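Okay, here's what each chain looks like letter by letter:
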Amino acid sequence: MTPRDLLRRTSVAFRDAGIPDPETDSALLLSSLCGRSSLELRLDMETVLSDRILRDYAKLVQRRLSREPLQYILGEVSFCGLFFQVDSRVLIPRPETELLCELALELLKPLTSPRILDLCCGSGCIGLSLAHALPNAEITLSDCSADALAVTRENSARLGLHVILNQGDLLDGLPDDAFDMIISNPPYIPSADCAALQEEVLREPRLALDGGSDGLSFYRRIAVGASRVLKPGAFLLMELGIGEADAVSGFLSAAGFSSIAVREDLNHIARMILAVYQPLEALCLKS
Ligand code: GLN
């Protein structure tokens, strides 16, 4: 069978199963098996495929038909220009989170060797992208899940990046007065909404998605605890779930953060929140 026939058949099967991007998914699965880019595959649609490729492809197709996310089947995802290994132990990095990293890099520009904490690091996509972009930075990545941290460790080794890893419940085990920035994409989906998520999202770790009854429990805890580990003048930068900006802004101002600002993603959704930690004593000394 040729790639053209195989992709045509597979796309129909994927479409019938309700898979959102049938053509893209069928082509990406085949190109990963053949070790070629999608473009190379498109330029050679008539060379008959070997039996081994057909057998292996059929297995991948079955996995996708069972609604396993494409990224888990491919085993990697591109984020901020780097490739990260992903599997069911971690959340799949999303494009909107790349904007959070861009904003972090903009804010960190004036600092020569910043100390940065990536909280709820999952695959490590945020902290490791920053470590790659900022060779002089000291980056700590923390997650409560030993499984997720194992993926972070594999990714940091593959990318040849030297970072500090910490396993703990949010800020547990992290030093006082240490960081110039906390960056985090915490779990933010309200518990009751988790059951209704797209089938693929349900394959991602519940721990990485579930933000408690109102989706805000991590923001509450981070707002209250962050000041202990931040240096005066440090930044707190977090991704937000839809409709969460006002509530999180309130937590941050109640916890004494200043210069609170919300930024939108490309779909004009309030997606990121930024705040500066200015301890009261520092403000008093200045005035
Ligand atoms: N920091 C990782 C990401 O943004 C994991 C986030 C999480 O597990 N909530 O993909």
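Residues numbered from 1 in each chain as written. Predicted model: local features only at pLDDT ≥ 70, side-chain atom pairs only at ≥ 80, totals over all residues. Heavy atoms only, no water.

S.K.: Quick question: what am I supposed to make of the pattern of salt bridges here?
M.R.: Two side chains that carry opposite charge are able to pair once their charged atoms sit near each other. Under the defined criterion, the tally for this structure stands at 22 salt bridges. Between Asp169 and Arg221 there is a salt bridge, with its nearest N and O atoms 3.0 Å apart. Separated by 52 residues along the polypeptide, Asp169 in the loop between strand E5 (164-167) and strand E6 (179-184) and Arg221 in helix H12 (residues 217-229) bring together distant segments of the chain. Two residues, Arg220 and Asp214, come together in a salt bridge whose shortest N-O distance is 2.4 Å. For Arg220, a relative accessible area of 35% translates into the label partly exposed. Bridged by salt links that share partners, the residues Asp25, Arg64, Arg67, Glu199 and Glu200 form one connected network. (Salt bridge = Lys/Arg side-chain N within 4 Å of Asp/Glu carboxyl O. Helix = DSSP H or I, 4+ residues; strand = E, 2+ residues; numbered from the N terminus. Buried < 20%, exposed > 50% of the residue type's maximum accessible area, 1.4 Å probe, protein only.)

S.K.: Hey, could you run me through the pairing of strand E3 (residues 115-119) in this one?
M.R.: Most of E3 is tucked away: four of the five residues are buried. Direction of pairing for E3 relative to strand E4 (residues 138-143): parallel, over a ladder of five bridges. Residue pairing across strands places Leu119 opposite Ser142, the latter belonging to E4. Pairing of E3 with E6 involves four bridges; the strand directions are parallel. The partner of Leu117 across the bridge, within E6, is Ile182. (Pairing = 2+ DSSP bridges.)

By themselves these figures say nothing about function.
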